[in-house]
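Fold and geometry: a report
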Amino acid sequence: MLTGKRILLIISGGIAAYKALDLIRRLRERGAGVTPVLTRAGEAFVTPLSVAAIAGEKCYRALFDLTDEAEMGHIELSRAADLVVVAPASADLIARMAAGQADDLASTLLLATDKKVLVAPSMNVRMWLHPATQRNIAVLRGDDVRFVGPDEGDMACGEYGPGRMAEPLEIVAAIEAMTGEGPLKGRHVLITSGPTQEPIDPVRYIANRSSGAQGAALARALRDLGARVTFVTGPAREPSPGGVDVVPVVTARDMLAAVQAALPADAAIFAAAVADWHVTNVSGSKMKKDGSGRPPALEFAENPDILAHVAGLKKDRPALVVGFAAETDDVEAHAAAKLVRKGCDWIVANDVSPATGIMGGGENAVTLISAAGAENWPRLPKDEVARRLAARVAAALRKPADAGAPGGDA
Ligand code: C5P
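Cut-off values and rules
- Sequence positions are assigned chain by chain, starting from 1 and proceeding in written order.
- Given that this is a predicted model, residues contribute local features only at a pLDDT of at least 70 and side-chain atom pairs are listed and counted only at 80 or more, while totals for whole chains, interfaces and linings are drawn from all residues.
- Water and hydrogen atoms were dropped before computing side-chain values, which therefore reflect all heavy atoms in the structure.
- Salt bridges, as used here, are contacts in which a Lys or Arg side-chain nitrogen is within 4 Å of a carboxyl oxygen on Asp or Glu.
- Per the convention used, a helix needs a DSSP run of H or I reaching at least four residues, while a strand needs a run of E reaching at least two, with both numbered from the N terminus.
- Relative accessibility under 20% of the residue-type maximum defines a buried residue, over 50% an exposed one, and the middle range a partly exposed one, all with a 1.4 Å probe and only protein chains included.
- Only heavy atoms are used to decide nearness, and a residue is near a molecule or strand if one of them lies within 4 Å of it.
- Polar contact is defined as a pair of N or O atoms within 3.5 Å, subject to the rule that within protein one atom must be able to donate a hydrogen and the other to accept it, and that residues adjacent in sequence are counted only when both atoms are side-chain atoms.
- Reported accessibility uses the Shrake-Rupley method at a 1.4 Å probe radius. Residues are deemed covered only where the shown protein chains occlude them.
- Only strands joined by at least two bridges in the DSSP assignment are considered to pair.
- In this analysis an axis means a line fitted to C-alpha atoms, helices contributing only their contacting stretch, and an angle means the value between N-to-C directions, from 0 to 180 degrees.
- The contact criterion used is simple: two residues touch if any of their non-hydrogen atoms lie within 4.5 Å.
- Crossover handedness is defined by viewing with both strands directed away from the observer: a clockwise path from the first strand over the helix to the second marks the crossover as right-handed.
- Where each domain starts and ends comes from a domain assignment, either automatic or drawn from a database.
- When two components associate, each loses some accessible surface as probed by a 1.4 Å sphere; the sum of these losses over both components is called the buried area.
- Throughout this entry, Asp, Glu, Lys and Arg are counted as charged residues, while Ala, Val, Leu, Ile, Met, Phe, Trp, Tyr, Cys and Pro are counted as nonpolar. The remaining residues, Gly among them, count as polar.

Observations concerning the pattern of salt bridges
Inspection of the entire model under this criterion finds 28 salt bridges. Between glutamate 29 and arginine 25 there is a salt bridge, with the nearest N and O atoms lying 3.2 Å from each other. Taken together, the residues glutamate 29 and arginine 25, both in helix H1 (residues 17-29) and four residues apart, mark about one turn of the helix. Overall, glutamate 29 belongs to the partly exposed group, its relative accessible area being 46%. A relative accessible area of 41% places arginine 25 in the partly exposed class. One salt bridge in this structure joins arginine 96 and aspartate 104, with 3.2 Å as the shortest N-O distance. We note that arginine 96, like aspartate 104, is buried. Bridged by salt links that share partners, the residues Asp22, Arg25, Arg26, Glu29, Arg30 and Glu176 form one connected network.

Laid out in structure tokens, this is it:
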């Protein structure tokens, strides 16, 4: 429910503007009040009269409407809401947001607001995939703007691909999560992510190719379902998401200490690629060649297994403990053995042999293994894998007794 919440809804130009009317209806059904703002391009697709009628409120249109300035200035309008939603968001408005422009009412409100912003992009597939749009999206993500969709499918322009605005109910779910009303409201989820680095000397270290992309995507997805997320991350290439508690670490031993400090948690997901060993004879100064041609002898000791440690806790064991298994052969068999060996509830297994391009890439093909058996998911963008997994986590925490069986509707 969204009882008493106020949503400032900006409708920009695009064929999906008609869906904004349904979105308003759905929000009002859930008890939210909607203040609509229609851009000039949006008016080509829906009329201010229909928007105002469905919202039951005045539809704001032009920037320099002096009557409105006297009634309610644009600064106040941008602050009076609990959340600002842009649906549909055209490529043009996204570009103006990313550039920080304020050349009409919509962009001015977006620049003036101190509230969270949710964007539902809608555009032709080529426009969505264009590097300029993707650059703008990355900039806005960095500014902690949240996105819902776009979905993939047939488009009004006759092409097929990503670019369709998310369905109104998907947008409602994202709004509920952002206003703290998602299914994981009040739950604490702990995630480890990225590689670890094990020092050899002051300038050298042992690490691995993990980008941290899957862990960051998981943190975003769980945050978007309303969870409080503690994100313990090694030095990853992928930036940490906003709206989560980030705990940066370097070594596996640091990571274990950060995980212990973050407990208790309702669920813990170990997506980090943790080094198995650390060097015990770390040199205090940079190692030099000594002219003999003999390489220095590094000595190693095993790192703590963080996943196995947490899965084996008597006190403070999270209700759901999930591990990842990056394998290069016999994925399912190795992962199933790992589930038992580590004592976790689920293992998310994937094939990271170089030919798959998964490690460091944008997609993942996973097998979800639990006591109930193995389930193969199709190859999907890491964001989508994260959303499906987050939905499973939410379902399992609703019914803790079923933690051993993934079930649900991925
Ligand atoms: O044994 P392996 O490294 O393949 O297990 C992978 C799983 O165990 C991952 O979930 C990883 O995050 C976790 N792990 C850990 N601590 C380690 C090694 C692995 O938490 N030292």
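Back to the text.
Examining the site of the ligand
The ligand sits among Phe270, Ala272, Val274, Pro304, Asp305, Ile306, Leu307, Gly323, Phe324, Lys338 and Lys342. At a separation of 2.8 Å, a nitrogen atom of the ligand approaches a polar backbone atom of proline 304. Between the ligand and leucine 307 there is a distance of 2.9 Å, counted from an oxygen atom to a backbone nitrogen or oxygen. Compared with its free state, where it exposes 450 Å², the ligand has 86% of that area covered by protein.

Some thoughts on the sheet that holds strand E11 (residues 228-233)
Read across the sheet, eight strands follow the order E12-E11-E8-E13-E16-E17-E19-E20 without closing on themselves; strand pairing throughout is mixed. What marks the edges here is a single partner per strand, and that holds for strand E12 (245-248) and strand E20 (373-376). Looking at each pair of strands side by side, their axes are set apart by 15° on average, direction ignored. Bridging between E11 and E12 involves four bridges; their strand directions are parallel. Bridge pairing in E12 places phenylalanine 231 opposite valine 246. Docked against the sheet, helix H13 (residues 331-342) engages strand E16 (320-327), strand E17 (346-351), strand E19 (366-370) and E20, running at close to 155° with respect to E17.

Here's the deal with the pairing of E16
If a strand is regular, its side chains alternate between the two faces of the sheet. The buried count for E16 comes to seven of eight residues, which makes it a mostly enclosed element. Direction of pairing for strand E13 (residues 267-270) relative to E16: parallel, over a ladder of four bridges. Of the residues in E16, the one forming a bridge with alanine 267 is leucine 320. Each parallel crossover has a hand, and for E16 linked through H13 to E17 it is right-handed.

Details of the domain arrangement of the chain
The domain boundaries assigned to the chain delineate domain 1 (6-178) and domain 2 (188-402). Each of domain 1 and domain 2 has a C-alpha centre, and the two are 36 Å apart. With four residues of domain 1 in contact, the opposing surface of domain 2 contributes eight residues. When the two sides are added together, the surface that domain 1 and domain 2 hide from each other amounts to roughly 430 Å², 43% of it contributed by carbon and sulfur. Of all residues in domain 1, the largest losses of buried area upon contact with domain 2 belong to Arg141, Arg146 and Ala177, amounting jointly to 79% of the total for that side. Seen at the junction of domain 1 and domain 2, the total is one salt bridge. Across the pair aspartate 224 and arginine 146 runs a salt bridge, and its minimum N-O distance is 3.8 Å. Counting every contact that joins domain 1 to domain 2 gives zero residue pairs in polar contact (both at pLDDT 80 or more). In the side of domain 1 that touches domain 2, the residues fall into one nonpolar, no polar and three charged.

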